[in-house]
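Reading the structure
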Amino acid sequence: MSLGRDAWATARQTLTRILSATEPDLRDDESLRGRSVCPPLTRPWQLCFSDCSFVYRAFVKQSDAIMHLPCHIGDYTDFYSSREHATNVGTMFRGADNALPPNWLHLPIGYHGRASSIVVSGTDIRRPVGQTRPDESKPPVYGPCKALDFELEMAFFIGPGNTLGQPIPIEKAHEHIFGMVLMNDWSARDIQKWEYQPLGPFLGKSFATTISPWIVTMDALAPFLVDNVPQSPSVLPYLQHTDRFSYDIRLRVDLQGTDLLGQKPVSVSNFKYLYWTMKQQLAHHTSNGCNLRPGDLLGSGTISGPAKSERGSLLELSWGSKEPIDLGNGVTRTFLRDGDTVTLNGVCDNGSIRLGFGPCTGKVLPALEI
């Protein structure tokens, strides 16, 4: 990742050639393609010391693989880049006339998150415990979160970093963006509501963030480029770019619970709805000289669209618990229950090329006893 675009392109071209149907190395070599006749090996690359000719396998079934985080994540920033999401949340808490903060249309708002609690898809999520104030006429209480939520997001990984004190100009931002993953920024809304003023999210966010297991590179996403969302008023020069850097990535959130028969879709959205582009996020992040490093993760913020069905969180879908979500057969949700499994999916499809992101899944476990 740190080697830059030339190295990324060479690696991609090499893998494409090796996996091509016209390339004989894998196509015609049964020892690479076929199954071993030996007892199963504990590692795909493990040598076989029996009399058979099998040495190693080039392919492993995805269902047999144990997925890990794609790289070490040193730092993590999450942005707030969906105008629809910001408007929905602002309307709920401040009213429609004051939905967007005064700075929202001028800069991509973000906060510094906790990298140590980013986990790979399939990791169970423990319901957090924290301080809340459900009754504003009484003192706060300490106990399990009662308003646990998902956030439908995507995130990108930094390739080459920058030197401390040297901003990355927006004209070169693409050279530092390696690729993308799906991301669920689990949120404890009741903890967040009580703690967030004046410094923003803390324990309401830091307990867990889930990402999909493999990175889809920007070169792979190039066929799905679409026009950027128009921005008004005009942004300052250091955030201006005219090239397209938004992507048509179809997103879906599925929910499965102990009271549900199978998975139920609860939200659909699209990455292309985001107001602020990744290039703008990166340029702004480094504009003060902040140094980013290879493997740093930058999240998009919740991705909501203009329709109610495209809202990217339960907070929005249930409009702050006032409109419970109907999941059929008398089952409803305002926030997540113990045993619920949330799965984020992402697909690009332009009719000739179809590209999928790995699933981004987590199951809610009960809070620890206190």
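Just above sits the structure.
Residues numbered from 1 in each chain as written. Predicted model: local features only at pLDDT ≥ 70, side-chain atom pairs only at ≥ 80, totals over all residues. Heavy atoms only, no water.

The next thing to look at is the overall build of the chain. Looking only at helices and strands, one finds eight helices and 22 strands in the chain. A compact globule built from 370 residues should have a C-alpha radius of gyration of about 21 Å, and the chain, at 22 Å, falls within 12% of that. The C-alpha extent of the chain, read off along each of the three principal axes, is 75 × 50 × 40 Å. Here the chain holds 370 residues, and the buried ones make up 45% of them. Entry remark: accessible area of the chain is about 19000 Å², with carbon and sulfur atoms responsible for 54%. Where the 35 positive side-chain charges of the chain centre and where its 38 negative ones centre are 3 Å apart. (Helix = DSSP H or I, 4+ residues; strand = E, 2+ residues; numbered from the N terminus. Rg over C-alpha atoms; globule rule 2.2 N^0.38 Å. Buried < 20%, exposed > 50% of the residue type's maximum accessible area, 1.4 Å probe, protein only. Areas by Shrake-Rupley, 256 points an atom, 1.4 Å probe, with all protein chains shown as cover. Lys, Arg positive; Asp, Glu negative; His and termini not counted. Charge placed at Lys NZ, Arg CZ, Asp CG, Glu CD.)

Cis geometry marks the peptide bond from Gln197 to Pro198; its omega dihedral reads 5°. Structurally, Pro198 can be placed in the loop between α5 (189–195) and β11 (209–211). In this structure, the amide linkage connecting Ser232 to the following residue, Pro233, adopts the cis form with an omega of 5°. Inspection of the secondary structure puts Pro233 in the loop between β13 (225–226) and β14 (246–247). The backbone of Ser321 sits at a positive phi, close to 80°, despite the residue not being glycine. By secondary structure assignment, the location of Ser321 is in the loop between α8 (314–317) and β18 (325–326). Residue Ser321 is classed as partly exposed on the basis of its relative accessible area of 32%. Phi at Asn329 is positive, roughly 55°, even though this residue is not glycine. Examined against the element boundaries, Asn329 turns out to sit in the loop between β18 and β19 (332–333).

For the rest of this paragraph, the subject is empty space enclosed by the protein. In the structure shown here, the tally under the stated rule is one cavity of 30 Å³ or more. What the largest cavity holds in volume is close to 30 Å³. As for the largest cavity, its lining consists of Met154, Ala155, Phe156, Met180, Phe271, Met278, Gln281, Leu298, Gly299 and Ser300. Of all the secondary-structure elements, those providing two or more residues to the lining of the largest cavity are β8 (152–158), α7 (278–285) and β17 (297–299). For the lining of the largest cavity, the element with the highest residue contribution is β8, accounting for three residues. When the residues that make up the lining of the largest cavity are grouped by side-chain class, the tally is seven nonpolar, three polar and no charged. (1 Å grid on protein atoms, 1.4 Å probe; cavity = no way out; pocket = protein on both sides within 12 Å on 5 of 7 lines; lining within 4 Å. Points joined across faces, edges and corners; volume = space filled by probe spheres on them. Nonpolar A, V, L, I, M, F, W, Y, C, P; charged D, E, K, R; others polar.)

A separate point is the nonpolar core. Of all hydrophobic cores here, the largest spans 55 residues; its most connected members are Met154, Met180, Leu221, Ile249, Phe271, Met278 and Phe357. At the level of elements, β8, β9 (177–184), α6 (218–221), β15 (250–256), α7, α8, β20 (341–349) and β22 (360–365) are the ones that each hand at least two residues to this core. The element contributing the most residues to this core is β8, with four residues. Excluding anything up to four places from it in sequence, Phe357 contacts Met154, Met180, Val181, Leu182, Trp214, Val216, Leu221, Ile249, Gly346 and Cys348. In this structure, Tyr111, Ile118, Met183 and Ile211 belong to the second largest nonpolar core, which totals 15 residues. (Core = buried A, V, L, I, M, F, W, Y, C linked by side-chain atoms within 4.5 Å. Contact = heavy atoms within 4.5 Å.)

In this section: a nonpolar patch on the surface. The grouping of Leu15, Leu19 and Phe59 at the surface amounts to a nonpolar patch, some 310 Å² of accessible area in total. Within the secondary structure layout, Leu15 lies in helix α1 (residues 5–18). (Patch = residues over 30% accessible without salt bridge, like charges linked within 9 Å, V, L, I, M, F, W, Y side chains within 5 Å. Salt bridge = Lys/Arg side-chain N within 4 Å of Asp/Glu carboxyl O.)

A few words now on the pattern of salt bridges. Close approach of charged atoms allows side chains with opposite charge to pair. Across all of its chains, the model carries 18 salt bridges by this definition. The partner of Lys205 in a salt bridge is Glu151, and the shortest N-O contact between them spans 2.9 Å. With Lys205 in the loop between α5 and β11 and Glu151 in the loop between β7 (148–149) and β8, this residue pair connects regions lying 54 residues apart in the sequence. Grouping residues by exposure puts Lys205 and Glu151 together as buried.

Turning to the side chain of Asp78, a few remarks are in order. Looking at where Asp78 falls in the secondary structure, it is placed in strand β1 (residues 76–79). It is Lys205 that comes nearest to the buried, bridge-free Asp78 among opposite-charge side chains, at 5.3 Å. At a separation of 3.3 Å, a polar atom in the side chain of Asp78 contacts the main-chain amide nitrogen of Gly301. (Polar contact = N/O pair within 3.5 Å; in protein donor to acceptor, adjacent residues only side chain to side chain.)

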